[in-house]
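Okay, here's what each chain looks like letter by letter:
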Amino acid sequence: MSEEKSEVSEFINKYFSYCYQNDQDIIAFQNKIDKAIHAYLDSEKISSDVLLENLTQHFVNSDIPTQPASLDSYMDFINGILLPNIVNVCKPSYLGHMTSMIPVFYQYLGQLITQLNMNVVKTETSKALTLLERQSIAMLHRLVFQYPESFYQKCIQDQKTNMGLIVSGGTMANITALWIARNNALKEDSGFRGVQAEGMQKALKHYGYHDAVIIGSGLMHYSMEKLASLLGLGLENIIKIKLNESGAIDADELRKTVVHCKESKKLVIAIIGIAGTTETGKVDDLQSMAKIAKEYNIHFHVDAAWGCPILFSDKHKDILKGIESADTAIVCGHKQLYLPQGISVVLCKNPEQIDSIKFATRYQARKESFDLGKHSPEGSRPAFSLFLHAGLSLIGKKGYEYLIDEGIRKAAYLADLIKNNDAFELIEEPQTNIVVYRFIPEELREKCKKGMLTFEDNYVINSINEVLQDEQFHQGRTFISRSILRQTSYGDMDIVILRAVISNPMATEKEIEELLQDQMEIGRYILTKRQFSFPEVIKLLYQQTSSYYRQ
Ligand SMILES: *Cc1c(COP(=O)(O)O)cnc(C)c1O
């Protein structure tokens, strides 16, 4: 054996060896990772001020290294290039997205899942983990649908049924739920083998429809567009109902639209209720929607990716009333269940529904088995249900209740600060823990207070808020996200909003106050330090953007 080859085999053996835990290199590597995590969590800024364009130079080599490398050299890359330039979403001043600090114990559970490398696609690669996954799904099913104990006793480990599925994210969960809805709406009957077998065209023809649609509000998550495309609907077949004054779906409009679809022979595959819209945190009137769905025999899906854990709160759970009537509902573990990224759950009120997406093969996902791969849209999957089970067990109902209540309380605190500060305008009273508002430049504050802002004024304010949010990310002391709302008190004009998501338990009133302070400073900075006087800014901004914001 040549020297080089033997070095390689030594390396390979070393890193596949059972004794690795006593290996000095591995111990050193583990310590360095621990240190790097701590240093990173304590870092002053949310991210470096290196522009993404300038970062690309470190990520342009596509040649796979020929020789194995040392852990040390890889650590140099992690510490030198990677970590300084990622985004510290755990920082309490990072209040911009639905991702924040998670409990430390997940690190070690993650180690277990990763190193033992189980695969929950089939019981032959998971065994007890399959049962654990079913149990975890049942726990959430019970939270949402509250069937009696006897139901859960019967179904929880009955291999013929499944109360839901674990998938890798909310998008996948929505896709799966609507896939179930579509297959159930166009299922087999005499002379027809079902949409799964015969496809959309024949299915619609068989049932006498011209077309198929899904209906929800204009604030539906964009995963609806992905699934419409996947399920053979097309984006134009997503019907978006306007919002009422409170920012939720207009139920009267919904009813009218459903009736119209029925009359024009369009199949409504599902009505989509949102329990916590991504942009505003608003919850639709799920009770009214459930009633309409029931009346017209339509699948009712509730996208509770964000809001489902509000059910833990005695104080706030009533805003989700109606979710128990959903045919399917989803929840993201990595959002308000505070789990690591990569786990979401689809729940089926009636476990039999799930059979509409059943697939079996000879070597796995066998028909008469517990194999989770039978129903899952995904195949091989990590045992992340351990995260879910651990979260529910270790944090418990009371723990989640506290987290939810605190988020909503602090969001109300932020909304109050905004209402008492002329430099900002609250766009909508927060119903949960997402606050939407915007910065108002000094010159327009009087007009804003009097409700006299013109289209042109709003146009300028839009642009300033865009620049402000970019600059805030760049400066990296505090962070919130931004979006555009199509429907606000300003009518049909697009309004650029700043969006604070208050879910990090480590964020206190202090961080919330500092957020507004920081934004006021940045507002001043962009309007003065860049040496524009206000009328010039307006002129400049007008030139930059055309009629983008006018519908
Ligand atoms: C986040 C979210 C989703 C999608 O979740 P991902 O995990 O990002 O795929 C779907 N619906 C709503 C309302 C969400 O907030």
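Bear in mind the structure is a predicted one, so any value in this text is a computation, not a measurement.

## What to know about the confidence of the model for the chain
Working step 1: Chain-level statistics for the chain give a pLDDT mean of 90 and a share of 93% at 70 or above.
Working step 2: Confidence drops under pLDDT 50 across residues 546–551; counting only partners more than four residues distant or on other chains, this segment forms 15 contacts.

## Thoughts on the pattern of salt bridges
Working step 1: For the structure shown, the criterion picks out 30 salt bridges.
Working step 2: In this structure, the salt-bridge partner of Arg-193 is Glu-198, at a minimum N-O distance of 3.5 Å.
Working step 3: Looking at Arg-193, the relative accessible area reads 57%, which means it is exposed.
Working step 4: Two residues, Lys-242 and Glu-253, come together in a salt bridge whose shortest N-O distance is 4.0 Å. With Lys-242 in the loop between strand 3 (238–241) and helix 11 (251–263) and Glu-253 in helix 11, this pair connects stretches of sequence that are 11 residues apart.

## Considering the sheet that holds strand 11 (residues 495–501)
Working step 1: With respect to topology, 4 strands assemble into an open sheet ordered 8-9-11-10, the strand pairing being antiparallel. This sheet does not close on itself; its edge strands, each paired only once, are strand 8 (424–426) and strand 10 (481–485). The mean inter-strand angle of the sheet, taken between neighbouring strand axes irrespective of direction, is 40°.
Working step 2: Two strands pair when backbone bridges link them, and strand 9 (residues 434–439) and strand 11 are joined in this way by 4 bridges, in the antiparallel orientation. Residue pairing in the sheet places Val-435 in a bridge with Ala-500 of strand 11.

## Let's talk about the site of the ligand
Working step 1: Surveying the vicinity of the ligand reveals 13 residues, the closest of which are Gly-170, Thr-171, Asp-303, His-334 and Lys-335.
Working step 2: In this structure, an oxygen atom belonging to the ligand sits 2.6 Å away from a side-chain N or O atom of Thr-171.
Working step 3: The contact in question runs from a nitrogen atom of the ligand to an N or O atom on the side chain of Asp-303, over 2.7 Å.
Working step 4: Isolated, the ligand exposes 380 Å² of accessible area, and the fraction of that covered by the protein chains is 86%.
Working step 5: The element that contributes the greatest number of residues to the shell around the ligand is helix 8 (residues 170–185), accounting for 3 residues.
Working step 6: Looking at the shell around the ligand, its residues break down into 3 nonpolar, 8 polar and 2 charged.

## What about the nonpolar core?
Working step 1: Membership of the largest hydrophobic core comes to 64 residues, with the highest contact counts inside it found for Ile-271 and Tyr-400.
Working step 2: When residues of this core are assigned to their parent elements, the largest contribution, 10 residues, is made by helix 13 (residues 385–419).
Working step 3: Residue-level mapping places this core at the junction of two domains, with at least three residues from each of domain 2 (119–394) and domain 3 (399–550).
Working step 4: Residues within four places of Ile-271 in sequence aside, it is in contact with Ile-215, Leu-254, Val-258, Met-289, Ile-292, Ala-293, Ile-298, His-299, Phe-300 and His-301.
Working step 5: Core analysis: the second largest hydrophobic core is formed by 45 residues, Ile-180, Val-195, Leu-227 and Cys-348 among them.

## A look at the sheet that holds strand 5 (residues 300–303)
Sheet strands line up and pair through hydrogen bonds in the backbone, either parallel or antiparallel.
Working step 1: Read from one edge of the open sheet, 7 strands run 1-7-6-5-4-2-3, paired in mixed fashion. Taken across any chain shown, the strands that pair with only one partner, and hence form the sheet edges, are strand 1 (164–167) and strand 3. Averaged over all pairs of adjacent strands, the angle between strand axes in this sheet comes to 20°, irrespective of strand direction.
Working step 2: Across the sheet, helix 10 (residues 223–230) lies against strand 2 (211–217), strand 3, strand 4 (266–274) and strand 5, angled at about 150° from strand 3, the strand it touches most.

## Quick look at the side chain of Ser-356
Working step 1: Relative to the elements of secondary structure, Ser-356 occurs in the loop between strand 7 (344–348) and helix 13.
Working step 2: Taking relative accessible area as the criterion, Ser-356 reaches 14% and is therefore assigned buried.
Working step 3: With near-sequence residues (within four places) excluded, Ser-356 lies in contact with Ile-180, Asn-183, Asn-184 and Gln-196.

## Considering the state of the cysteines
Working step 1: Across all of its chains, the model carries 0 disulfides by this definition.
Working step 2: The thiol of Cys-332 is not disulfide-bonded; the next cysteine sulfur, from Cys-308, is found 10 Å away.
Working step 3: Residue class for Cys-332 comes out buried when judged on its relative accessible area of 1%.
Working step 4: Take Cys-348: it sits in no disulfide, and the sulfur closest to it among the cysteines is that of Cys-155, at 12 Å.

## A look at the pairing of strand 7
Working step 1: Of all 5 residues in strand 7, 5 are buried; the element is thus mostly enclosed.
Working step 2: Of the two faces of strand 7, both are covered, the one formed by Ser-344, Val-346 and Cys-348 as well as the one formed by Val-345 and Leu-347.
Working step 3: Two elements, strand 1 and strand 7, share 4 bridges in a ladder whose sense is antiparallel. If you follow Ile-166 over to strand 7, its bridge partner there is Val-345.
Working step 4: For strand 6 (residues 328–332) and strand 7, the ladder comprises 5 bridges, and the chain directions are antiparallel. Bridge pairing links Ala-329 to Leu-347 in strand 7.

## Observations concerning the pairing of strand 10
Working step 1: The alternating pattern of strand 10 places Ser-481, Ser-483 and Leu-485 on a buried face and Arg-482 and Ile-484 on a face that is not buried.
Working step 2: Direction of pairing for strand 10 relative to strand 11: antiparallel, over a ladder of 5 bridges. Paired with Ser-481 across the strands is Arg-499, a residue of strand 11.

## Quick notes on the domain arrangement of the chain
Working step 1: The domain architecture assigned to the chain consists of domain 1 (3–87), domain 2 (119–394) and domain 3 (399–550).
Working step 2: Inter-centroid distance (C-alpha atoms) of domain 1 to domain 2 is 39 Å.

## Quick look at the packing of helix 6 (residues 128–145) against helix 13
Working step 1: Their axes nearest at 9 Å, the elements helix 6 and helix 13 cross at an angle of 50°. Taken together, the axes of helix 6 and helix 13 lie oblique to each other. Note on packing geometry: the crossing formed by helix 6 with helix 13 is left-handed. Each of Leu-129, Leu-132, Glu-133, Gln-135, Ser-136, Met-139 and Leu-140 in helix 6 lies in contact with helix 13, whose residues at this interface are Ser-385, Leu-386, Leu-388, His-389 and Leu-392.

Definitions and limits used
- Residues numbered from 1 in each chain as written.
- Predicted model: local features only at pLDDT ≥ 70, side-chain atom pairs only at ≥ 80, totals over all residues.
- Heavy atoms only, no water.
- pLDDT = per-residue confidence, 0-100.
- Contact = heavy atoms within 4.5 Å.
- Salt bridge = Lys/Arg side-chain N within 4 Å of Asp/Glu carboxyl O.
- Buried < 20%, exposed > 50% of the residue type's maximum accessible area, 1.4 Å probe, protein only.
- Helix = DSSP H or I, 4+ residues; strand = E, 2+ residues; numbered from the N terminus.
- Pairing = 2+ DSSP bridges.
- Axes fitted to C-alpha atoms, helices over the stretch in contact; angles between N-to-C directions.
- Near = heavy atom within 4 Å.
- Polar contact = N/O pair within 3.5 Å; in protein donor to acceptor, adjacent residues only side chain to side chain.
- Areas by Shrake-Rupley, 256 points an atom, 1.4 Å probe, with all protein chains shown as cover.
- Nonpolar A, V, L, I, M, F, W, Y, C, P; charged D, E, K, R; others polar.
- Core = buried A, V, L, I, M, F, W, Y, C linked by side-chain atoms within 4.5 Å.
- Domains from an automatic or database assignment.
- Disulfide = S-S within 2.5 Å.
- Parallel < 35°, antiparallel > 145°, perpendicular 65-115°, else oblique.
- Left-handed = near helix turned anticlockwise from the far one by under 90°.

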